[in-house]
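Inside the fold
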Amino acid sequence: MTARAYRLLALWSCIGMLLVLIAGVVVTNTESGRGCGTDWPLCNGKFIPAYTVESIVEYTHRAVSGLEGLLVLAVFLLTMRLKPANGEARLYAGAALLFTIFQAVLGMLAVIMPTSDAVLAIHFGISMIAFTSTWLLYAWVRRWDRALRTGDAGAWPIMKGTVPDAASLDAGRHSNAAPKPSPITAGVRASAAVVPAGLFGWILSVIIYCYAVVYLGAYVRHTDSAGGCIGWPLCNGEVVPELNGATGIVFAHRLGAIVLFLFIGAIVLLVRRRTGGHEELTRIGYVSLALVILQSLSGWLLTATLEHHDVYVFTSLLHTIIITVLFSGLCLWAIRAWQLSRR
């Protein structure tokens, strides 16, 4: 298998995981979770479900999840065959497979037995971590493929017994000139000394807090509490409403999003001061801040479309996609901070 083919396989596993995540949100928003009754993996005792909206939505989610599971397994096995020296790719591929299995088990349990909203809310977080793992693996494969193309693959693993064909390598790699360091490698060597080791811990704290905010948002969805706060940015016309029932849950989620923005902003300032404005880490921080703002605006769209269910399904998907990208970006931020601080 060539580097290009492996990269495409990793890309499709990432796209497939995003489709699984989106399909899960559609199931929740259309209340199709019981579309196949309490049967699993069959749908109402049949391999081909009845033609109702709920059963088709639920069964489509299961079918996409099953196909994605096979794809993730294939990528995992190929990555093990690749035998990367530093273990980074094995970590991403293994995490993708592990959390794919976790989300399948949670999905099965949600179907065959009564499950609380608090447990159902975990399902989305598991799916988000699975997507992040596939995305990080694809990013790693892209860097590896780029190193092959530029002739800077000396420190990168190549599959045993496999030499990438000419189509996957740049012609300049075969020149007699001395190899030049790639921009990625050169940038790391030039700036590694200025990245403090403690920065990773701070960004990891942001990731954990972000997951808590995401969980709270999923809990809002599963408890149908979105209508607890009418209006935006005020909640029921008040800065601080009565904190009971659905209103308290939604307000806590909104407050958590504000704190997340401030938390990320503080880390960006820390990066600028402690690393001398490291270009890559600062850029990821600014993108994260922008995504938090977009997430807040998509929250406003959610509130504005609560009474229009057909539109609400799409605004909810937008809200989900943005937070998933944000979480993945924060994970990349932490990984790069850890890698740069160790070189």
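What comes next is a walk through the structure. (Residues numbered from 1 in each chain as written. Predicted model: local features only at pLDDT ≥ 70, side-chain atom pairs only at ≥ 80, totals over all residues. Heavy atoms only, no water.)

1. What to know about the state of the cysteines
The full count for this structure, using the stated rule, is one disulfide. Each sulfur of the disulfide joining Cys 229 and Cys 235 lies 1.8 Å from the other. An S-S torsion of about -85° defines the bridge between Cys 229 and Cys 235 as left-handed. In this structure Cys 235 comes out as buried when scored by relative accessible area, which is 2%. Distance from the sulfur of Cys 210, which forms no disulfide, to the nearest cysteine sulfur (Cys 331) is 8.3 Å. Taking relative accessible area as the criterion, Cys 210 reaches 0% and is therefore assigned buried. (Disulfide = S-S within 2.5 Å. Buried < 20%, exposed > 50% of the residue type's maximum accessible area, 1.4 Å probe, protein only.)

2. Some details on the pattern of salt bridges
One pass over the full model with this rule turns up three salt bridges. In this structure, Glu 88 engages Arg 143 in a salt bridge whose closest nitrogen and oxygen atoms are separated by 3.1 Å. Of this pair, Glu 88 sits in helix H3 (residues 88-112) while Arg 143 sits in helix H4 (residues 117-150); the two residues are 55 residues apart in sequence, bridging distant segments of the chain. Overall, Glu 88 belongs to the buried group, its relative accessible area being 12%. Between Glu 280 and Arg 336 there is a salt bridge, and its shortest N-O distance comes to 2.7 Å. Of this pair, Glu 280 sits in helix H8 (residues 279-304) while Arg 336 sits in helix H9 (residues 309-341), and the two are 56 residues apart along the sequence. (Salt bridge = Lys/Arg side-chain N within 4 Å of Asp/Glu carboxyl O. Helix = DSSP H or I, 4+ residues; strand = E, 2+ residues; numbered from the N terminus.)

3. With respect to the packing of helix H6 (residues 198-222) against H9
At a minimum axis distance of 9 Å, the contact between H6 and H9 shows a crossing angle of 165°. It follows that H6 is roughly antiparallel to H9 by the angle criterion. Viewed along their axes, H6 and H9 form a crossing whose handedness is left-handed. Together, Leu 199, Phe 200, Ile 203, Val 206, Ile 207, Cys 210, Tyr 211, Val 214 and Arg 221 of H6 and Ser 316, Thr 320, Ile 323, Phe 327, Leu 330, Cys 331, Trp 333, Ala 334, Ala 337 and Trp 338 of H9 make up the contact between the two elements. Here the contact of H6 with H9 is built from residues that sort into 16 nonpolar, two polar and one charged. (Axes fitted to C-alpha atoms, helices over the stretch in contact; angles between N-to-C directions. Parallel < 35°, antiparallel > 145°, perpendicular 65-115°, else oblique. Left-handed = near helix turned anticlockwise from the far one by under 90°. Contact = heavy atoms within 4.5 Å. Nonpolar A, V, L, I, M, F, W, Y, C, P; charged D, E, K, R; others polar.)

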